[in-house]
Amino acid sequence: MANQKSSVGIRGMEIKTLPKHDQSHISYREINEDILRFMTQTGPGYYIVLGALFLLTILLYALPWAYQIYTGQGVTGLNVPVFWGVYLVNFVFWVGVAHAGTLISAMLYITETPWRRAIARGAETMTLFALVIVTFFVFIHMGRPWNFYWSFPYPNTRQLWTSFQSPLMFDVFAIGTYFTSSVIFLYFGMIPDLASLRQSSTGWRKSLYRVMSLGWRGTDRQWHMHGKACMFFSSFIMPLVVSVHSIVSWDFALSVVPGYSKTVFAPYFVTGALLSGFAGVLLMLTVIRWFFPIMKKYVTAYHFDRIGIIILVLSLTWSYCTLMEVVTGLYANTSQELEHLKFKLLTPPYSYLFVLMIFSNTLVPLSLMIRKIRSCEIGMFFICIFVLIGMWLERYLIVPNSLSRKFLPWMWHDYFPSWVEVSITVGAVCFFIFMFMAFIKIFPVVSLFEVKEDAGIPMKKGH
Amino acid sequence: MKKLIVYALTGVISLAIGYWVQQQFFSDRAPVQPINFSHKIHAGVNKIPCQYCHIYAERSRVSGVPNVQRCMGCHKIIKTDSPEIQKVTAYWEKKEPIPWTKVHNLPDYVYFPHKRHVRAGVECTNCHGDVPNMDRITKVSSLQMGWCLTCHTQRNVKNGRDCWTCHK
Amino acid sequence: MAGIFDKVKDTLNSYRTPGYFKKLDHKWTMVVDLDMCNGCGACVAGCYAENNLPVVGKEDCGKSRAFSWLRIERYVDGEYPDVKVKFIPVMCQHCMKAPCEIGCPVYATYHNQDGLNVQVYNRCVGTFTCATYCTYDVRRFNWFSYKWPKPLDQQLNPDVTVREMGVMEKCTFCIQRITAAKDKAKDEGRGVKDGEVLPACCQSCPTNALVFGDLQDPESRVAKMVNNPRKYRLLEELNTDPSVIYLKRVMNDGKSEE
Amino acid sequence: MDILGLFKHADTMLDAAKRLESAGYAFTVFSPVPLVHEIDHAFGERKSYIKYFTFFGGLSGFFTGTLLALGTAALYVLPRGGRPIFFITPTLIISYETTILFGVGITLLSFFLFAGLPSFKKDVPSPEAAIDSFGLLVDDIREDEFVKLEKILKESGADEVKRVEEE
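Novice: Help me understand the overall build of chain B, please; the structure alone is not making it clear to me.
Specialist: Helices and strands together make up the secondary structure of chain B, namely 9 helices and 0 strands. Each helix and strand of chain B, ordered N terminal to C terminal, gives the series α-α-α-α-α-α-α-α-α. Its C-alpha radius of gyration of 20 Å places chain B more than 25% over the 15 Å reference for a compact globule of 168 residues. Projected onto its principal axes, the C-alpha coordinates of chain B cover approximately 65 × 50 × 30 Å. Relative to its full complement of 168 residues, chain B shows a buried share of 27%. A separation threshold of at least 6 residues defines the contact pool for chain B, and within that pool the share at least 24 residues apart is 63%. Just so you have it, chain B exposes about 11400 Å², and 62% of that area is on carbon and sulfur atoms.

Encoded structure:
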């Protein structure tokens, strides 16, 4: 078994080693059949959940948004100093969730880490749909979303272009590039799998895979080019991942607002993004393993162990950055910074939120030092939930909270999200799960050829 | 295959007819006016200057639609038996303005003073097209921002590309 | 070839900061003498009337969504019997180095040749960035499409757009009046005279606490007033270079306070 | 007429390929997993030209981004925030992103070009070659060569030798 524990003795002491990552017991045909069965054999429960999610998306997401477009941004809780509310929080949060996908694919591809292979596709899929949610949140956030195309640079009848000095324009480019690259990377990796699945599937699937595999034959030349191109994609996407969330952080850091204007923001946001991203990926893997036991063969305790360590490291880095944010604010010792920190750290309910954030992002992940918790599915599930909530709170404590205490005390005003904002926030989660669930039944969520590589290339004479 | 071509042809022809009908009767480029007034007869054949009727063009933001009195000033005597003129007379007797349809319409957020353009020596035909040869007024220029800007750039207008020169 | 090179070099030089500030047509400036301000709020009312500002009602006002482009901030000092109340009218400061302007991705807010920080309503897509970056919280947002009840729609100013739902707006120094004055001056073939442009707030101020004029004209009233030792600018330390200049209030007890 | 040998093991297939090469036949390898390292090891390193495309894609992206940001600023001059009209710092961010965007896009296109995709003319010669077998295909052989080739393949350990008719 993959998660079997062997014992090695050193100086007479018995120490436990890590769970092994060894997939050589799986045969190629078995992989194909498993994935196809995973996609085709769908019980009624799945459709009920999918339908319920669709209904929830309409009720909690589409309808409130339509109401907001029809009535105006006034239905939100935004007010005069606090112009950026929960929508921006969600925007930053979902960009963060999108981050781990490409990082797992790209960085671990370049470093040739074997355990990435089984989970990379799922993580990339998460990236893609998180970016869809991000894009929608940009439009939800806008006052006049029907004019969104004005923020794209294209020759038009107005002879007017866009302002490339604006941090929001950096966002348009960063997220546009990220979205395009993610789609390309996801689809590019899927081409050989679709060609492989096409041989054993039937009906509409066969014709869909036939068209989408673009006539991939699996010749050596094609594999050679595939590997080369994949290497270049990975090397492009790795700096992209870092740049995207830095740019998102510059939306805030390039202003002069106390609480926003911090030099630590770019690494702070990137670390936070990766933390929430890995938590998201792990949560997704846990849920998939629960509902589709067939996946236990591919996503093993080894993955949990590895991602657990990564989350631990990221959590510690994040904690350091949080400390730095507070310390630099205190060290600056300007009245505005102190007022902002007083509001953030000492004023209830925000002080409670801050404590909850520290608890769930620093203290809870510390338990990952224990190996038993790292290999415990339920424990990891709850840690991920805590980390995600904590990361959302972090953005909440930065985005609307800083705006509540700007420079002129006369204009200080608190912010509380309205029911429309809460509903759209919850609806976005439903929308995300809905898209993800629909996707994994149409396209292979486990990369076939990479898992086959993981299982080893069959050699008669041995390795 | 033959069927497909027939369908496509029918579609194209009906689209063309629809486009023509739309342009002719429903378009805001050339709307049907309550009175079949011809600029060709007035400005073209009889060579009445534009500002004889559109009197505000030189001194105000709007060029002004002439009131019925100005029409009647001539048409008490000229061509009183024409059915179109009798319509004008009817409005005059009812003491009602003629409900002309505005052709060159700009949105609320555009600040366009006729005065500045007339005084700068821009010909009326520059924007309104060859009105002396139009029976029914048609919008020739697009009146879009890029179109305005092209002219402003060509004529090197001072602050001609500043947003608040034309927007309000 | 050399000609093209020189032209490119000249163009590049002319676009460098602060190059374009050197050839401003005007530098409109407002001076607020806080010694003269008694906090009556006539300027606020005048602004509402001139600029088609909607009245949002009690509920939205409580949510801090009131529309006044010009607000009178009141700071109360001390306990009940011994209370000092201070006023400061705050409007858009028309910063020469405005933080709001770089935030906008679509050029809806920029700096024009009159030294004004202008907002083009119909270009705005409503990203809220300008308002977030603004250090004076003077930007207002059209949360809903506001309606004027029947007889009141007749009092709307035709020179000012009625803003659509979802756009940002702010004090413009009554740019429609500046345009009108420049128009008149052009017809008469002269420059704009001092005192010819009078924004609604200055016009309605009973104590003449607000003075408006062109700082580039050395004979103007504002140019003479800015040499006052009581001069200060709001949040000057943020390097926003505001165009509104305040003259400090001198209190009776001999202490001067802002 | 084509001949296809199907192998369960990669090393036997490579043996067969070597023997075919020494016999002077051109062949195509089909595999469900990338065998790049193994084939490189057996037949020597091959060149790929994708890197040049990627490089020039990234370079063109960089210049496109710079040109877009600086050029459009010159087309409609609107000063804002006291910053210069031509401002190099934000331009670098834009061109950083366009470098990646163009690099990725052109790499994808060059991959399609070199891998001969999309093409729907030819299918995988046998479904197994896309799932769990390694295929070795020799194109356009005469009837008398078939026996000889079948013998080579069988001797090297082919599990199955198929006759594939041309479509």
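Novice: Which parts of the structure should I look at to understand helix H5 (residues 83-94) of chain B?
Specialist: Note that an α-helix has 3.6 residues per turn; residues three or four places apart therefore point the same way. Residues and elements named next belong to chain B. Helix length check: H5, at 12 residues, gives a terminal C-alpha distance of 17 Å against a target of 16 Å (1.5 Å per residue), a fit within 8%. Lining the buried residues of H5 we find helix H4 (68-75). Where H5 begins, one side-chain oxygen reaches toward the backbone nitrogen of Glu84, 3.3 Å away; that side chain belongs to Ser82. Note on H5: the residue one or two positions beyond its end, Lys95, has a positive phi of about 60 degrees.

Novice: Mind showing me how you'd approach the nonpolar core here?
Specialist: Counting residues in hydrophobic clusters, the biggest one holds 238 residues, and the most contacted among them are Trp94 of chain A, Met91, Phe173 and Tyr246 of chain C together with Phe111 of chain D. Take this core: its biggest share by element is 17 residues, from helix H3 (residues 86-110) of chain A. Each residue touching Tyr246 of chain C, except ones within four places of it in the same chain, is listed here: Val32, Leu34, Ile88, Pro89, Val90, Met91, Gln93, Arg230, Lys231, Tyr232 and Leu234 of chain C. Residues Val29, Leu35, Leu136 and Phe146 of chain D belong to the second largest nonpolar core, which totals 26 residues.

Novice: Can you help me understand the sheet that holds strand E3 (residues 134-138) of chain D in this one?
Specialist: Hydrogen bonds between backbone groups are what pair the strands of a sheet, and the pairing can be parallel or antiparallel. All names here are of chain D. Pairing in this open sheet of 4 strands is antiparallel, and the strands run E2-E3-E1-E4 from one edge to the other. Of all the strands in the sheet, just strand E2 (27-30) and strand E4 (160-164) have a single pairing partner and so form its edges. Ignoring which end each strand starts from, the neighbouring axes of this sheet average 20 degrees apart. Bridge count for strand E1 (residues 2-7) against E4 is 5 bridges, and the pairing is antiparallel. Bridging from a neighbouring strand, Gly5 pairs with Val161 of E4.

Novice: Please clarify how the domain arrangement of chain B should be interpreted in this entry.
Specialist: Interface size is commonly expressed as the accessible area that is lost once the parts come together. What the domain assignment reports for chain B is domain 1 (1-30), domain 2 (33-65 + 104-168) and domain 3 (67-99). Put simply, the middle of domain 1 of chain B and the middle of domain 2 of chain B, counted by C-alpha atoms, are 32 Å apart.

Novice: Just checking my understanding: could you explain the interface of chain A and chain D for this structure?
Specialist: Tallying the contact residues gives 58 residues for chain A and 67 residues for chain D. The contact between chain A and chain D buries some 5900 Å² in all, and 69% of this surface belongs to carbon and sulfur atoms. Contact with chain D buries surface across chain A, with Gln165, Arg217 and Phe236 of chain A losing the most and accounting together for 13% of the total. With a shortest N-O distance of 2.3 Å, Asp220 of chain A and Arg46 of chain D are connected by a salt bridge. Contributing elements (two or more residues each) for the side of chain A that touches chain D: helix H1 (28-40), helix H5 (167-200), helix H6 (203-212), helix H7 (220-253) and helix H15 (448-455) of chain A. A per-element tally of the side of chain A that touches chain D places H7 of chain A first, with 17 residues. Taken together, the residues of the side of chain A that touches chain D break down into 30 nonpolar, 17 polar and 11 charged.

Novice: Is there a simple way to think about the packing of helix H1 (residues 10-23) of chain D against helix H2 (residues 36-43) of chain D in this case?
Specialist: The relative placement of two packed helices comes down to the angle between their axes together with the axis-to-axis distance. All names here are of chain D. Running from N to C, H1 and H2 cross one another at 35 degrees; their axes reach a closest spacing of 11 Å. Where H1 crosses over H2, the two elements pack in a sense that is right-handed. Facing H1, whose interface residues are Leu14, Ala17, Lys18 and Glu21, H2 presents Glu38, Ile39, Ala42 and Phe43. Across the contact of H1 with H2, the residue classes tally to 5 nonpolar, no polar and 3 charged.

Novice: Would you explain the packing of aromatic side chains in this entry?
Specialist: We describe a pair of aromatic rings using the distance from one ring centre to the other and the angle between the two ring planes. One pass over the structure, following the stated rule, counts 59 aromatic pairs over all chains. Centroid distance Trp392 of chain A to Tyr396 of chain A: 5.6 Å. Interplanar angle 20 degrees. Geometry classified as stacked. A residue pair is termed a helical-turn pair when its members lie 3 or 4 positions apart in one helix, as Trp392 of chain A and Tyr396 of chain A do in helix H13 (residues 377-404) at 4 residues. If you follow Arg65 of chain C out to its NZ or CZ, it ends over the ring of Trp143 of chain C, 4.7 Å from the centre.

Novice: Which parts of the structure should I look at to understand the sheet that holds strand E9 (residues 231-232) of chain C?
Specialist: Residue and element names in this part refer to chain C. Pairing is mixed across the open sheet formed by 4 strands, whose spatial order is E8-E1-E10-E9. Whereas interior strands pair on both sides, the edge strands pair on one side only; in this sheet they are strand E8 (210-214) and E9. Bridge count between strand E1 (residues 28-33) and strand E10 (residues 244-247): 4 bridges; the pairing is parallel. Residue Met30 lies in a different strand from E10, and its bridge partner there is Val244.

Novice: Would you mind going over the environment of Val88 of chain B with me for this structure?
Specialist: Structurally, Val88 of chain B is set in helix H5. C-alpha of Val88 of chain B to C-alpha of Ile35 of chain B: the two residues are 53 residues apart in sequence and 7.7 Å apart in space.

Novice: What exactly am I supposed to notice about the side chain of Glu450 of chain A here?
Specialist: Residue and element names in this part refer to chain A. Positionally, Glu450 belongs in helix H15. The exposure class assigned to Glu450 is buried, which follows from its relative accessible area of 9%. A polar contact is formed between the side chain of Glu450 and the side chain of Ser447, at a distance of 3.0 Å. Excluding residues that lie within four positions of it along the chain, Glu450 makes contacts with Tyr109, Arg116 and Arg117.

Novice: So what exactly am I meant to see when it comes to the interface of chain C and chain B here?
Specialist: Across the boundary between the two partners, chain C contributes 20 residues, which contact 14 residues of chain B. In total, about 1600 Å² of surface goes out of reach between chain C and chain B, with carbon and sulfur atoms giving 43% of it. Along the contact surface separating chain C from chain B lie 7 salt bridges. Across the salt bridge formed by Lys115 of chain B and Asp187 of chain C, the nearest N and O atoms sit 2.9 Å from each other. Scanning the region where chain C abuts chain B turns up 17 residue pairs in polar contact (both at pLDDT 80 or more). Residue assignment for the side of chain C that touches chain B shows that the elements contributing at least two residues are strand E5 (117-119) and helix H7 (175-187) of chain C. Here the side of chain C that touches chain B is composed, by residue class, of 8 nonpolar, 7 polar and 5 charged.

Novice: Explanation requested: the packing of H7 of chain A against helix H3 (residues 50-75) of chain D in the structure shown.
Specialist: Where H7 of chain A meets H3 of chain D, the closest approach of the two axes is 10 Å, and the angle between their N-to-C directions is 25 degrees. When the axis of H7 of chain A is compared with that of H3 of chain D, the two are roughly parallel. Between H7 of chain A and H3 of chain D lies a crossing of right-handed hand. Along the contact surface, H7 of chain A presents Met225, Lys228, Ala229, Phe232 and Phe236 of chain A, while H3 of chain D presents Ile50, Lys51 and Thr54 of chain D. Residues of the contact of H7 of chain A with H3 of chain D, tallied by class, amount to 5 nonpolar, 1 polar and 2 charged.

Novice: Hey, could you run me through the confidence of the model for chain B in this one?
Specialist: Note: predicted coordinates in regions of low pLDDT should not be interpreted at a detailed level. This prediction gives chain B a mean pLDDT of 88; 100% of its residues lie at or above 70. The secondary structure element of chain B with the lowest average pLDDT is helix H1 (residues 2-26) of chain B, at 87, and the one with the highest is helix H6 (residues 114-119) of chain B, at 91.

Novice: What is the right way to read the pattern of salt bridges from this model?
Specialist: Pairing between side chains becomes possible if they bear opposite charge and their charged atoms approach one another. Under the criterion given, the structure shown has 42 salt bridges over all chains. For Arg289 of chain A, the salt bridge identified is with Glu377 of chain A, shortest N-O distance 2.7 Å. Taken as a pair, Arg289 of chain A in helix H8 (residues 265-291) and Glu377 of chain A in helix H13 lie far apart in primary sequence, 88 residues in all. Using a relative accessible area of 10% as the deciding quantity, one classes Arg289 of chain A as buried. Within this structure, Lys115, Arg116 and Arg119 of chain B together with Asp183 and Asp187 of chain C form a network of salt bridges that share partners.

Novice: How should I be thinking about unusual backbone geometry in this particular structure?
Specialist: Peptide bonds are trans in most cases, and residues, glycine excluded, mostly fall at negative phi. At the junction of Pro348 of chain A and Pro349 of chain A, the peptide bond is cis and its omega measures out at 5 degrees in the coordinates. Cis geometry is found at the peptide bond from Leu117 of chain D to Pro118 of chain D, where omega equals -15 degrees. Positionally, Pro118 of chain D belongs in the loop between helix H4 (88-115) and helix H5 (128-131). With a phi angle near 55 degrees, Asn52 of chain C is a residue other than glycine that sits in the positive phi range. Position of Asn52 of chain C relative to the elements: it lies in the loop between helix H3 (42-50) and helix H4 (58-62). Despite not being glycine, Asp241 of chain C shows a phi value in the positive range, around 55 degrees. Considering the arrangement of structural elements, one finds Asp241 of chain C in the loop between E9 and E10. The class of Asp241 of chain C is partly exposed, set by a relative accessible area of 25%.

Novice: Honestly, the confidence of the model for chain A in this entry has me stumped. Any pointers?
Specialist: Of all residues in chain A, 95% attain a pLDDT of 70 or more, and the chain-wide mean is 88. Counting contacts from residues 1-15 of chain A, a segment whose pLDDT is below 50, to residues more than four positions away or on other chains yields 19 contacts.

Conventions and cut-offs
- Residues numbered from 1 in each chain as written.
- Chains lettered and ligands numbered in written order.
- Predicted model: local features only at pLDDT ≥ 70, side-chain atom pairs only at ≥ 80, totals over all residues.
- Heavy atoms only, no water.
- Helix = DSSP H or I, 4+ residues; strand = E, 2+ residues; numbered from the N terminus.
- Rg over C-alpha atoms; globule rule 2.2 N^0.38 Å.
- Buried < 20%, exposed > 50% of the residue type's maximum accessible area, 1.4 Å probe, protein only.
- Contact = heavy atoms within 4.5 Å.
- Areas by Shrake-Rupley, 256 points an atom, 1.4 Å probe, with all protein chains shown as cover.
- Expected span 1.5 Å × (residues − 1).
- Polar contact = N/O pair within 3.5 Å; in protein donor to acceptor, adjacent residues only side chain to side chain.
- Core = buried A, V, L, I, M, F, W, Y, C linked by side-chain atoms within 4.5 Å.
- Pairing = 2+ DSSP bridges.
- Axes fitted to C-alpha atoms, helices over the stretch in contact; angles between N-to-C directions.
- Domains from an automatic or database assignment.
- Buried area = accessible area lost by both parts, 1.4 Å probe.
- Salt bridge = Lys/Arg side-chain N within 4 Å of Asp/Glu carboxyl O.
- Nonpolar A, V, L, I, M, F, W, Y, C, P; charged D, E, K, R; others polar.
- Left-handed = near helix turned anticlockwise from the far one by under 90°.
- Phe/Tyr/Trp six-rings, centres within 6.5 Å; stacked < 30°, edge-to-face > 60°.
- Lys NZ or Arg CZ within 6 Å of the ring centre and 35° of its normal.
- Parallel < 35°, antiparallel > 145°, perpendicular 65-115°, else oblique.
- pLDDT = per-residue confidence, 0-100.

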